[in-house]
Amino acid sequence: MEKLENVVELTHPLLQHKITMLRDKNTGTAEFRALVEEIAMLEAFEALNDLQTVDIECETPIEKCMAPVIAGRKMAIVPILRAGLGMVNGIQRLVPTAKIGHIGMYRDEETHEPHEYYCKLPSPIEERLIVVTDPMLATGGSAIDAIDLIKQHGGKRIKFMAIIGAPEGVRALHEAHPDVQIYIGHIDRELNSDAYICPGLGDAGDRIFGTK
């Protein structure tokens, strides 16, 4: 698809290798869950490369020195339930102090439209860098609505992380929230008539949690 400002498709070979393993229909639940966490960590390493730091005094076994730490309020990770939960641990390994919020969305099986059923965000949300997670960016509806909610609660600095997405969803999210940086492991070919990403990886939530 065409290049869009604030949309970053990640191309690291290790990341792409893990996404291929994730796609394989023979990948079991435990391995799938572990891969989602590993991919989230790799994506977060890139997505968080602009974090601001401040120098503090640190005493090593040799001497005192000034060394950088992350400045200001800590991050908030906000997974879109339920599949977004699978990406949280990978990001927390990089930023263990990050607060966790939750936004619950479900998709109407007939209209494919998202519906909110839960929203709980860490305070003060307006002072935090917010990373919204969902392994799949299909139509973009859930991501758009989730970010709408976060902004209504005062959130300002928002990044969105997905593992795979469809061009339709990437465009829709970018058009609705052009200020949000989108980091995605791979942009697939298209959505099918049932609004599933093709070639995709199936239902991420079911494969993470072992449900049907």
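Predicted model, so just to flag it, every value in this text is computed and none were measured.

Details of the layout of surface pockets
Then step 1. Taken as a whole, the largest pocket spans an internal volume of roughly 650 Å³.
Then step 2. Taken together, 29 residues make up the lining of the largest pocket; nearest its centre are A83, R107, D134, S142 and D203.
Then step 3. Secondary structure elements with two or more residues in the lining of the largest pocket: β4 (76-81), β6 (102-107), β9 (136-137), α4 (141-152) and α6 (204-209).
Then step 4. The residue makeup of the lining of the largest pocket, split by class, is 15 nonpolar, seven polar and seven charged.

A word on the packing of helix α1 (residues 13-23) against helix α2 (residues 29-47)
Then step 1. One can describe the packing of α1 onto α2 by two numbers: an axis separation of 10 Å at closest approach and a directional angle of 155°. Classed by the angle they form, the pair α1 and α2 counts as roughly antiparallel. Between α1 and α2 lies a crossing of left-handed hand. Residues L14, L15, K18, I19, M21 and L22 of α1 form the contact with α2, whose participating residues are E31, F32, L35, V36, E38, I39, L42 and E43.
Then step 2. Here the residues of the contact of α1 with α2 sort into ten nonpolar, no polar and four charged.

Here's the deal with the UniProt feature "binding site: uracil" (unreviewed entry) in the protein
Then step 1. Mapped onto this numbering, the UniProt entry gives "binding site: uracil" (unreviewed entry) at I197, G202, D203 and A204. From the set just named, the residues that line the largest pocket comprise I197, G202, D203 and A204.
Then step 2. The contact partners of I197, leaving out residues within four places of it in the chain, are M136, L137, A138, I164, G165, A166, D188, E190 and L191.
Then step 3. Here A204 shows up in helix α6.

Examining unusual backbone geometry
Then step 1. Looking along the chain, the bond that leaves L81 and enters R82 is cis, with omega of 5°.
Then step 2. Topologically, R82 is positioned in the loop between β4 and α3 (88-94).
Then step 3. Unusually for a residue other than glycine, N6 sits at a positive phi of about 75°.
Then step 4. Along the chain, N6 turns up in the segment before β1 (7-9).
Then step 5. Using a relative accessible area of 27% as the deciding quantity, one classes N6 as partly exposed.
Then step 6. Here the phi dihedral of A195 falls at roughly 65°; this positive angle occurs in a residue that is not glycine.
Then step 7. We classify A195 as buried; its relative accessible area is 8%.

Analysis parameters
Residues numbered from 1 in each chain as written. Predicted model: local features only at pLDDT ≥ 70, side-chain atom pairs only at ≥ 80, totals over all residues. Heavy atoms only, no water. 1 Å grid on protein atoms, 1.4 Å probe; cavity = no way out; pocket = protein on both sides within 12 Å on 5 of 7 lines; lining within 4 Å. Points joined across faces, edges and corners; volume = space filled by probe spheres on them. Helix = DSSP H or I, 4+ residues; strand = E, 2+ residues; numbered from the N terminus. Nonpolar A, V, L, I, M, F, W, Y, C, P; charged D, E, K, R; others polar. Axes fitted to C-alpha atoms, helices over the stretch in contact; angles between N-to-C directions. Parallel < 35°, antiparallel > 145°, perpendicular 65-115°, else oblique. Left-handed = near helix turned anticlockwise from the far one by under 90°. Contact = heavy atoms within 4.5 Å. UniProt positions renumbered as here; feature names shortened; annotations may be inferred. Buried < 20%, exposed > 50% of the residue type's maximum accessible area, 1.4 Å probe, protein only.

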